[in-house]
Amino acid sequence: LGTRGKADYLVTGQWSEKAAKECNKYGTGQVACNTKASKFTTIPGKSEWKLDPEAAYVHYCDNETVNGVEFSYTPDVGSVPLVADMSSNFCSRPIDVGKHAYIYAGI
């Protein structure tokens, strides 16, 4: 989080929701979108996201395995660094790593 102390989270499932909560231990995990009301079954269009241009990064989970939601594209977040949890699919298709500041996968 650095000196900015805040990051944006695209909450589209349980894994990204957990990541946002974890961020709050170290700073502010700002929820830029949250699809919990739809039981995490959709990814809202970018026009519905509330992105903060001063955020340290924007985090998303590329494949939310619990409810089966997967991004079919790399989110465009402007000049804010993009961070991706690709634990469930990083070996399943080509990834444009140049659009990401950081990609991680848990085991």
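What comes next is a walk through the structure. Since this is a predicted model, take the numbers as computed values, not measurements. (Residues numbered from 1 in each chain as written. Predicted model: local features only at pLDDT ≥ 70, side-chain atom pairs only at ≥ 80, totals over all residues. Heavy atoms only, no water.)

## Section: the side chain of T35
Okay, step 1: Topologically, T35 is positioned in the loop between β2 (28-34) and β3 (58-61).
Okay, step 2: Setting aside anything within four residues of it in sequence, one finds T35 in contact with V11, T12, F40, T42 and P44. (Helix = DSSP H or I, 4+ residues; strand = E, 2+ residues; numbered from the N terminus. Contact = heavy atoms within 4.5 Å.)

## Structural notes on the nonpolar core
Okay, step 1: In terms of nonpolar packing, the biggest core is built from 13 residues, with L10, W49, V58, Y60, F71, V77 and L82 touching the most fellow members.
Okay, step 2: If you list the elements that add at least two residues to this core, you get β2, β3 and β6 (82-85).
Okay, step 3: Of all hydrophobic cores here, the second largest spans 10 residues; its members include V11, A19, F40 and Y57. (Core = buried A, V, L, I, M, F, W, Y, C linked by side-chain atoms within 4.5 Å. Buried < 20%, exposed > 50% of the residue type's maximum accessible area, 1.4 Å probe, protein only.)

## Overview of unusual backbone geometry
Okay, step 1: A positive phi angle, near 60°, is found at K39, a position not held by glycine.
Okay, step 2: Inspection of the secondary structure puts K39 in the loop between β2 and β3.

## Points about the environment of V80
Okay, step 1: Residue position: V80 is located in the loop between β5 (69-70) and β6.
Okay, step 2: Sequence separation of V80 and E64 is 16 residues, and the distance between their C-alpha atoms is 22 Å.
Okay, step 3: Residue contacts for V80: discarding those within four places in its chain leaves D52, P53, A55, A56, Y57 and V58.

## Brief notes about the pairing of strand β1 (residues 6-11)
Okay, step 1: Counting buried positions along β1 yields 5 of 6 residues, so the element is predominantly enclosed.
Okay, step 2: As paired strands, β1 and β2 are joined by 6 bridges and run parallel to one another. For K6, the partnering residue across the bridge sits in β2 and is T28.
Okay, step 3: Remark: the β1/helix α1 (residues 14-23)/β2 crossover connection has right-handed handedness.
Okay, step 4: Bridge analysis of β1 against β3 gives 3 bridges, and the strand direction is parallel. Bridging across to β3, Y9 finds its partner in H59. (Pairing = 2+ DSSP bridges. Right-handed = clockwise from strand over helix to strand, strands pointing away.)

## Points about α1
Okay, step 1: Of all the residues in α1, the buried ones are S16, E17, A19, A20 and C23. Taken down its axis, α1 places every buried residue within 160° of arc, on the same side.
Okay, step 2: Residues of α1 that are buried in the fold lie against β1, β2, β3 and β4 (63-64). (Arc of directions from axis to C-beta.)

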